[in-house]
Amino acid sequence: MLASAPDGILLVDKPQGISSHRVVSIARRRLGLKKIGHAGTLDPMATGLLILGAGPSTRLLTHLVGLGKTYTATIRLGVSTDSDDADGTPTAAPGVLGADVGEAAVDRAVAGQRGTIDQVPSTVSAIKVDGRRAYDLARKGEEVVLRSRTVTVSRFDVTARTEHTVRVDGADVAVVDLDVVVDCSSGTYVRALARDVGAALGTGGHLTALRRTAVGPFDVADAVDLEDDDVDVLGALARPADVARRLFPSVSLDPQAAKDLTDGKRVAADHPDDDGPVAAVATADDRLVGLVSVRRGRLRVITNFPAPASAAADADRSGADT
């Protein structure tokens, strides 16, 4: 009999200075898997919540990618960089002495980035242009023109400000650092918010710190540090049924109904019509059998989740090798 392979969603607190792909590599090693999927990456400079999937639970990741996100960040006014963050090269450093960066002016500039906006992503980004990553083109000195995209910034609040002086290319530059909190839709570039606030104030701006604190209902407070050898990574995997119930309505299945749905049959259920996903969970072992839609009292499978024995057999084929 095959042992059950690791299966679940892993919340990771990414440290600063390493890539998201390095985090995935560490998770693969610690879980003993060849493949692990993720629900979106963070820049090397950024810290905070990464969501990884192991085994059949990778099938849940497509439903996690589009969730809203929360960040804390620090915007530096007075200096622009080619990447819109501190990892980039300064492109202009006018400082703030000649501009109005009082609280009222800053509030107006920040307010202009709230709501549904058209945002041009940062040039140094993973967006593809004619099949090539924008950051590869930018690093080779090629011109990069990215189209704006519609994003929603539901919260963009300044929580603190600090005025001080920094050295840029051997010169002292007066800057203002703004600590901010951002709630936004998937696909929003917080770096671009910093850039555009700085542009509106006439000072330039970039991020000096970025931390993702939440993705949908999942919080970084519940995440693990993969570099801590004392962390039980296998034990930290969230069960697929628990994750699915946090995201979707659910319907319970008795053993026969669970078997029938696993076999691809349409199963009767006392649940209102729903285009789905609805989490279909077996009562016997609290196992996620599938994500379904409901029509006229019958369940139709959108995504099935194999039973543990099948999952072990398929372990090397599950997930995204990233």
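Cut-offs and rules
Residues numbered from 1 in each chain as written. Predicted model: local features only at pLDDT ≥ 70, side-chain atom pairs only at ≥ 80, totals over all residues. Heavy atoms only, no water. UniProt positions renumbered as here; feature names shortened; annotations may be inferred. Helix = DSSP H or I, 4+ residues; strand = E, 2+ residues; numbered from the N terminus. Core = buried A, V, L, I, M, F, W, Y, C linked by side-chain atoms within 4.5 Å. Buried < 20%, exposed > 50% of the residue type's maximum accessible area, 1.4 Å probe, protein only. Domains from an automatic or database assignment. Pairing = 2+ DSSP bridges. Axes fitted to C-alpha atoms, helices over the stretch in contact; angles between N-to-C directions. Parallel < 35°, antiparallel > 145°, perpendicular 65-115°, else oblique. Left-handed = near helix turned anticlockwise from the far one by under 90°. Contact = heavy atoms within 4.5 Å. Nonpolar A, V, L, I, M, F, W, Y, C, P; charged D, E, K, R; others polar. Salt bridge = Lys/Arg side-chain N within 4 Å of Asp/Glu carboxyl O. Polar contact = N/O pair within 3.5 Å; in protein donor to acceptor, adjacent residues only side chain to side chain. Arc of directions from axis to C-beta.

The protein is annotated in an unreviewed UniProt entry as tRNA pseudouridine synthase B of Curtobacterium citreum. Among the UniProt annotations of the protein, the heading Function (unreviewed entry) holds the following wording: "Responsible for synthesis of pseudouridine from uracil-55 in the psi GC loop of transfer RNAs." The record held by UniProt for the protein lists under Catalytic activity (unreviewed entry) the comment "uridine(55) in tRNA = pseudouridine(55) in tRNA".

A.B. asks: For the UniProt feature "domain: tRNA pseudouridylate synthase B C-terminal" (unreviewed entry) in the protein, give the residues involved together with the corresponding values.
C.D. replies: Summarizing the sequence annotation, UniProt attributes the feature "domain: tRNA pseudouridylate synthase B C-terminal" (unreviewed entry) to residues 191-228 in the numbering used throughout. The distance from the first to the last C-alpha atom of residues 191-228 is 29 Å, and the span holds 29% helix and 34% strand.

A.B. asks: Run through the nonpolar core, naming residues and quoting values.
C.D. replies: Generally speaking, a soluble globular protein has its nonpolar side chains buried in company with each other. Ranked by size, the top nonpolar core spans 48 residues in total, and within it Leu77, Phe156 and Leu226 carry the most contacts. Sorting elements by how many residues they give to this core places strand S11 (residues 171-184) first, with six residues. Counting the residues that make up this core, at least three belong to each of domain 1 (8-67 + 217-238) and domain 2 (69-210). Counting residues in each nonpolar core, the second largest holds 22 residues, with Leu11, Ile51, Val220 and Phe248 among its members.

A.B. asks: Outline the pairing of strand S16 (residues 274-282), supporting the account with residue identities and numerical values.
C.D. replies: The sheet contact formed by strand S14 (residues 250-253) and S16 spans four bridges and is parallel. Among the inter-strand pairings, Leu253 is bridged to a residue of S16, identified as Ala282. Here S16 pairs with strand S17 (residues 287-295) via six bridges, running antiparallel. Bridge pairing links Val278 to Val292 in S17. Hairpin remark: S16 followed by S17, antiparallel, with four residues in the connecting loop; positive phi at Asp286, about 50°.

A.B. asks: For the packing of helix H3 (residues 103-111) against helix H5 (residues 190-201), give the residues involved together with the corresponding values.
C.D. replies: It is the contact of H3 with H5, at a shortest axis distance of 9 Å, that shows an interaxial angle of 130°. Taken together, the axes of H3 and H5 are oblique relative to one another. Crossing geometry of H3 relative to H5 is assigned as right-handed. Contact residues: Ala105, Val106, Ala109 and Val110 in H3; Val197, Ala200 and Leu201 in H5. In terms of residue class, the contact of H3 with H5 is built from seven nonpolar, no polar and no charged.

A.B. asks: How would you explain the sheet that holds strand S15 (residues 267-268) if you had to name every residue and give the values?
C.D. replies: Strand order in the open sheet formed by five strands is S14-S16-S17-S18-S15, with mixed pairing between adjacent strands. The strands lining the two open edges of the sheet, one partner per strand, are S14 and S15. Pairing analysis gives two bridges linking S15 to strand S18 (residues 298-304), with the strands arranged antiparallel. Paired with Ala268 across the two strands is Arg298, which belongs to S18. Running at roughly 30° to S17, helix H7 (residues 240-247) makes contact with S14, S16 and S17 of the sheet.

A.B. asks: So what's going on with the pattern of salt bridges? Which residues, and what values?
C.D. replies: In this structure the tally under the stated criterion is 17 salt bridges. Here Arg114 ties to Asp157 by a salt bridge, and the two come within 3.7 Å at their closest N and O atoms. A residue pair is termed long-range when its members are at least 10 positions apart, and Arg114 in the loop between H3 and strand S7 (115-119) and Asp157 in strand S10 (residues 149-168) qualify at 43 residues. Here Asp157 falls in the partly exposed class, since its relative accessible area comes to 28%. Arg195 is paired through a salt bridge with Asp196; the nearest N and O atoms lie 2.8 Å apart. Members of the salt-bridge network, linked through shared partners, are Arg239, Asp242, Arg245 and Asp286.

A.B. asks: Give me the lowdown on the side chain of Ser122, citing residues and values where you can.
C.D. replies: Tracing the chain through its elements places Ser122 in the loop between S7 and strand S8 (128-129). A polar side-chain atom of Ser122 sits 2.9 Å from a polar atom in the side chain of Asp84. Apart from the residues lying within four places of it in its own chain, the contact partners of Ser122 are Ser83, Asp84, Leu146, Tyr189, Arg191, Ala192 and Arg195.

A.B. asks: Describe the side chain of Thr74, naming the residues involved and giving the relevant values.
C.D. replies: When you line up the elements, Thr74 lands in strand S4 (residues 69-77). A distance of 2.9 Å separates polar atoms of two side chains, one belonging to Thr74 and the other to Asp179. Not counting residues within four places of it along the chain, the set of residues in contact with Thr74 comprises Asp177, Leu178, Asp179, His206, Leu207, Thr208 and Ala209.

A.B. asks: Mind laying out helix H8 (residues 255-262), listing which residues take part and the relevant values?
C.D. replies: Of the positions making up H8, those classed as buried are Ala257, Ala258, Asp260 and Leu261. Buried residues of H8 fall within an arc of 165° about the axis and therefore sit on the same side. Between a side-chain oxygen at the N-terminus of H8 and the backbone nitrogen of Gln256 the separation is 3.2 Å; the capping residue is Asp254. Positive phi shows up at Gly264, right after H8, with a value of about 90°.

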